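Read off the chains here:
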Amino acid sequence: MKAMTGMSALGVLLPAAVLLAAAPAMALEVREQATIKAPIEQVWKQIGPFCAIGDWHPAVESCSLRKTGDRQDRDIALKGGGVLQERLTGLSAARHRLRYTLLSGPLPVKNYNSTIRLSAVDARTTRITWSSRFEAKDASDTEARKTIAGIYTSGFDGLRKRLEAGQ
């Protein structure tokens, strides 16, 4: 086999380097699940209204909803400061599924898309799955995943506190 000359090696390596540099960052995923001791329709009444997160998530101070045509955006004021702006991207009451995307905020993520999905375990118990895909921003992949997972698990705790009280 003939040795590659400097120019022909550069001709092969340069396009490969350009492709690698242009490749998008790998999307990270977080998926957390919890069981809530409440019927699926009762849990859906907390999840389905896009701004109801202000009623059950312990990190949320308040939520205000903006509607423009068919589009719904929410501004979430966080306890301790900071505001998240999110957009509803899908809602199915029949499937008990809500999808949204993060528009802006202090989280260490970008290109964040999330789904909250409910499924009945039995007549009195609901499984909630909160998942997302995103890229880390100004943080390590591990830090970004840990932050998002913490948001989800504290949300589950808030739902349990709201729905399981008195049981």
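Presented here is a report on the structure given in the accompanying data block. No experiment lies behind these values; they were computed from the predicted model shown.

1. So, the side chain of serine 92
Part 1 of the reasoning: Residue position: serine 92 is located in strand 4 (residues 83–92).
Part 2 of the reasoning: For serine 92, a relative accessible area of 16% puts it in the buried group.
Part 3 of the reasoning: Contacts of serine 92, omitting those with residues within four sequence positions, involve Trp44 and Arg97.

2. Considering unusual backbone geometry
Part 1 of the reasoning: The backbone of asparagine 111 shows a phi angle near 50°, a positive value even though the residue is not glycine.
Part 2 of the reasoning: With respect to the helices, strands and loops of the structure, asparagine 111 is situated in strand 6 (residues 109–122).
Part 3 of the reasoning: Despite not being glycine, aspartate 138 shows a phi value in the positive range, around 60°.
Part 4 of the reasoning: Topologically, aspartate 138 is positioned in the loop between strand 7 (125–136) and helix 4 (141–164).

3. Some remarks on a positive patch on the surface
Part 1 of the reasoning: Where like charges cluster on the molecular surface, the positive patch consists of Arg31, Arg95, Arg99 and Arg117.
Part 2 of the reasoning: You can see arginine 95 is positioned in the loop between strand 4 and strand 5 (97–104).
Part 3 of the reasoning: In this structure arginine 95 comes out as exposed when scored by relative accessible area, which is 57%.

4. Quick word on the sheet that holds strand 3 (residues 71–78)
Part 1 of the reasoning: Spatially, the 7 strands line up as an open sheet ordered 1-7-6-5-4-3-2, and their pairing is antiparallel. Strands with a single pairing partner mark the edges of an open sheet, and in this sheet they are strand 1 (28–36) and strand 2 (60–68). Within the sheet, the average angular offset between the axes of one strand and its neighbour, ignoring direction, is 20°.
Part 2 of the reasoning: Where strand 3 lies against strand 4, 5 bridges are found, and the strand directions are antiparallel. Along strand 4, the bridge assignment pairs alanine 77 with valine 83.
Part 3 of the reasoning: Helix 4 contacts strand 1, strand 6 and strand 7 of the sheet and is inclined by roughly 15° relative to strand 1.

5. Observations concerning empty space enclosed by the protein
Part 1 of the reasoning: All told, the structure shown has 1 cavity of 30 Å³ or more when counted by the stated rule.
Part 2 of the reasoning: Approximately 50 Å³ is the volume found for the largest cavity.
Part 3 of the reasoning: Ile47, Pro49, Phe50, Ala52, Ile53, Trp56, Arg74, Leu98 and Ile116 are the residues that line the largest cavity.
Part 4 of the reasoning: Its residues assigned to classes, the lining of the largest cavity comprises 8 nonpolar, no polar and 1 charged.

6. Section: the packing of aromatic side chains
Part 1 of the reasoning: The final tally for this structure, using the stated rule, is 6 aromatic pairs.
Part 2 of the reasoning: Between phenylalanine 50 and tyrosine 100, the aromatic rings sit 6.5 Å apart at their centres with planes inclined by 55°, giving tilted as the arrangement. You can see phenylalanine 50 sitting in the loop between helix 2 (40–47) and helix 3 (53–56) and its partner tyrosine 100 sitting in strand 5, a full 50 residues away along the chain.
Part 3 of the reasoning: Look at tyrosine 100 and you get buried, because its relative accessible area is 3%.
Part 4 of the reasoning: Chaining the aromatic ring pairs together yields one cluster made of Phe50, Tyr100, Tyr112 and Phe134.
Part 5 of the reasoning: Positioned over the ring face of phenylalanine 50 is arginine 74, at 4.0 Å from the centre of the ring.
Part 6 of the reasoning: If you follow arginine 74 out to its NZ or CZ, it ends over the ring of tyrosine 100, 5.0 Å from the centre.

Conventions used here
Residues numbered from 1 in each chain as written. Predicted model: local features only at pLDDT ≥ 70, side-chain atom pairs only at ≥ 80, totals over all residues. Heavy atoms only, no water. Helix = DSSP H or I, 4+ residues; strand = E, 2+ residues; numbered from the N terminus. Buried < 20%, exposed > 50% of the residue type's maximum accessible area, 1.4 Å probe, protein only. Contact = heavy atoms within 4.5 Å. Patch = residues over 30% accessible without salt bridge, like charges linked within 9 Å, V, L, I, M, F, W, Y side chains within 5 Å. Areas by Shrake-Rupley, 256 points an atom, 1.4 Å probe, with all protein chains shown as cover. Salt bridge = Lys/Arg side-chain N within 4 Å of Asp/Glu carboxyl O. Lys, Arg positive; Asp, Glu negative; His and termini not counted. Charge placed at Lys NZ, Arg CZ, Asp CG, Glu CD. Pairing = 2+ DSSP bridges. Axes fitted to C-alpha atoms, helices over the stretch in contact; angles between N-to-C directions. 1 Å grid on protein atoms, 1.4 Å probe; cavity = no way out; pocket = protein on both sides within 12 Å on 5 of 7 lines; lining within 4 Å. Points joined across faces, edges and corners; volume = space filled by probe spheres on them. Nonpolar A, V, L, I, M, F, W, Y, C, P; charged D, E, K, R; others polar. Phe/Tyr/Trp six-rings, centres within 6.5 Å; stacked < 30°, edge-to-face > 60°. Lys NZ or Arg CZ within 6 Å of the ring centre and 35° of its normal.

By themselves, these are just geometric observations and shouldn't be taken as functional.
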